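A look at the structure
What follows is the residue order along each chain.
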Amino acid sequence: MTEIGKRTLTTFLLLSFLSFLYIFGNNTTFIAFISIISIYSFYEWTSISSKHIIFLPIFIILNLTLYYIDFINAYYLSIATSLVWLILIYSMIFLSDHLKIFIRKYFILIGLFIFSSFFLLLINMYPYDVTLESDNNLVDNKHYFLFFIILISSIDIFAYVCGKTFGKNRIIPSISPNKTLEGYLGSYSLSILLFILFFNTSNLIWTYLDLLYLTIIIFLSFFGDLFMSFVKRAYNIKNTGNILPGHGGLLDRLDSYFPTIPLFYLWLMT
């Protein structure tokens with residue numbers, strides 16, 4: 001089977017599973033799914049430096065503690081996480097040598113922050129202004145969860161297709177030679193168009209502020225992918241795993257989600 005065939009089949013199976021979860025899943029199922037995804041993502045991250053046996057239990061205990069104690073405010077966490085990602089992106093572009101040293105030195109701490117914040121924001125995928133009397137279960141707000149997945153997946157697919165079809169001008173070849181200006185611009189244009197068409201056909205109201213949020217999310221999605229490529233180059237590996245045929249590891253599929261979820265929370269959850 002060709003590489004594109006593998007990617008297509010894997011994507012189809014993933015979408016089928018997510019559709020099943022969306023239709024039949026309950027709140028416990030959603031939380032269990034998010035937990036498994038977060039744990040396995042951290043496992044792949046630590047496997048890059050061959051330290052997963054030591055630190056994986058620490059990550060699990062940390063997330064259990066954060067989940068059950070529930071003392072972290074998701075709104076402020078999303079702001080802090082967005083700022084951290086902006087610093088990482090700036091450093092990747094302008095201070096790449098220093099960032100490589102920093103990543104190697106604090107690799108585990110970076111992973112704990114990225115994947116724990118990812119876990120916490122996903123399980124808090126409900127509007128920020130709900131009251132204590134409101135039902136704020138994930139399953140009751142699963143349309144946000146679905147919209148987030150469709151949005152980021154569409155951005156990635158558009159970038160891949162446009163890059164393969166029209167890509168000529170590489171943006172940062174030293175980090176990822178496959179990322180092209182044509183792929184990014186094509187993804188941006190098609191994502192904006194899809195957003196407008198979806199909201200208009202659904203009789204939903206959108207503003208230019210929504211387009212600004214979407215623009216930044218597309219930007220973050222691109223650089224989330226680029227950041228994971230940066231980390232893999234720092235450790236001289238091609239993929240973070242092989243669990244997803246045609247894609248590589250789970251991190252190779254989720255890399256765009258990590259920097260975008262905090263802004264997505266600020267956009268639609270507040």
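Now for a look at the structure at hand. (Residues numbered from 1 in each chain as written. Predicted model: local features only at pLDDT ≥ 70, side-chain atom pairs only at ≥ 80, totals over all residues. Heavy atoms only, no water.)

**Topic: the environment of Ile-36**
- The topology assignment puts Ile-36 in helix H2 (residues 27-47).
- Sequence spacing of Ile-36 and Ile-60 is 24 residues, and the spatial spacing of their C-alpha atoms is 10.0 Å. (Helix = DSSP H or I, 4+ residues; strand = E, 2+ residues; numbered from the N terminus.)

**A look at the packing of helix H7 (residues 142-166) against helix H9 (residues 208-234)**
- Put simply, H7 and H9 touch, their axes get as near as 10 Å, and they point 60 degrees apart. When the axis of H7 is compared with that of H9, the two are oblique. The hand of the H7/H9 crossing is right-handed. Between H7 and H9, the contacting residues are Leu-151, Ile-152, Ile-155 and Asp-156 on the first element and Leu-214, Ile-217, Ile-218 and Ser-221 on the second.
- In the contact of H7 with H9, the residues fall into six nonpolar, one polar and one charged. (Axes fitted to C-alpha atoms, helices over the stretch in contact; angles between N-to-C directions. Parallel < 35°, antiparallel > 145°, perpendicular 65-115°, else oblique. Left-handed = near helix turned anticlockwise from the far one by under 90°. Contact = heavy atoms within 4.5 Å. Nonpolar A, V, L, I, M, F, W, Y, C, P; charged D, E, K, R; others polar.)

**A few points about the packing of aromatic side chains**
- The full count for this structure, using the stated rule, is 32 aromatic pairs.
- When the ring of Phe-222 is compared with that of Phe-223, the centres are 5.0 Å apart and the planes differ by 90 degrees; the resulting orientation is edge-to-face. Take Phe-222 and Phe-223: they sit in the same class, and that class is buried.
- One residue, Arg-104, lies across the ring of Tyr-235, its end atom 4.6 Å from the ring centre.
- Above the ring of Tyr-22, the side-chain terminus of Lys-142 is found at 4.8 Å from the ring centroid. (Phe/Tyr/Trp six-rings, centres within 6.5 Å; stacked < 30°, edge-to-face > 60°. Buried < 20%, exposed > 50% of the residue type's maximum accessible area, 1.4 Å probe, protein only. Lys NZ or Arg CZ within 6 Å of the ring centre and 35° of its normal.)

**Points about a nonpolar patch on the surface**
- A cluster of nonpolar side chains, namely Tyr-76, Ile-79, Leu-83 and Leu-86, defines an oily patch on the protein surface of about 380 Å² accessible area.
- On the secondary structure map, Ile-79 appears in helix H4 (residues 74-94).
- On the basis of relative accessibility, which here comes to 30%, the residue Ile-79 falls in the partly exposed class. (Patch = residues over 30% accessible without salt bridge, like charges linked within 9 Å, V, L, I, M, F, W, Y side chains within 5 Å. Areas by Shrake-Rupley, 256 points an atom, 1.4 Å probe, with all protein chains shown as cover. Salt bridge = Lys/Arg side-chain N within 4 Å of Asp/Glu carboxyl O.)

**Some words on the nonpolar core**
- Trp-45, Ile-103 and Phe-227 are the most contacted members of the largest nonpolar core, which totals 75 residues.
- Examining the composition of this core, we find that 13 residues originate from one element, H9, more than from any other.
- With residues up to four places along the chain from it excluded, the contact list for Phe-227 reads Trp-45, Trp-85, Leu-88, Met-92, Leu-99, Ile-103 and Ile-114. (Core = buried A, V, L, I, M, F, W, Y, C linked by side-chain atoms within 4.5 Å.)

These figures come from the coordinates and say nothing about function on their own.
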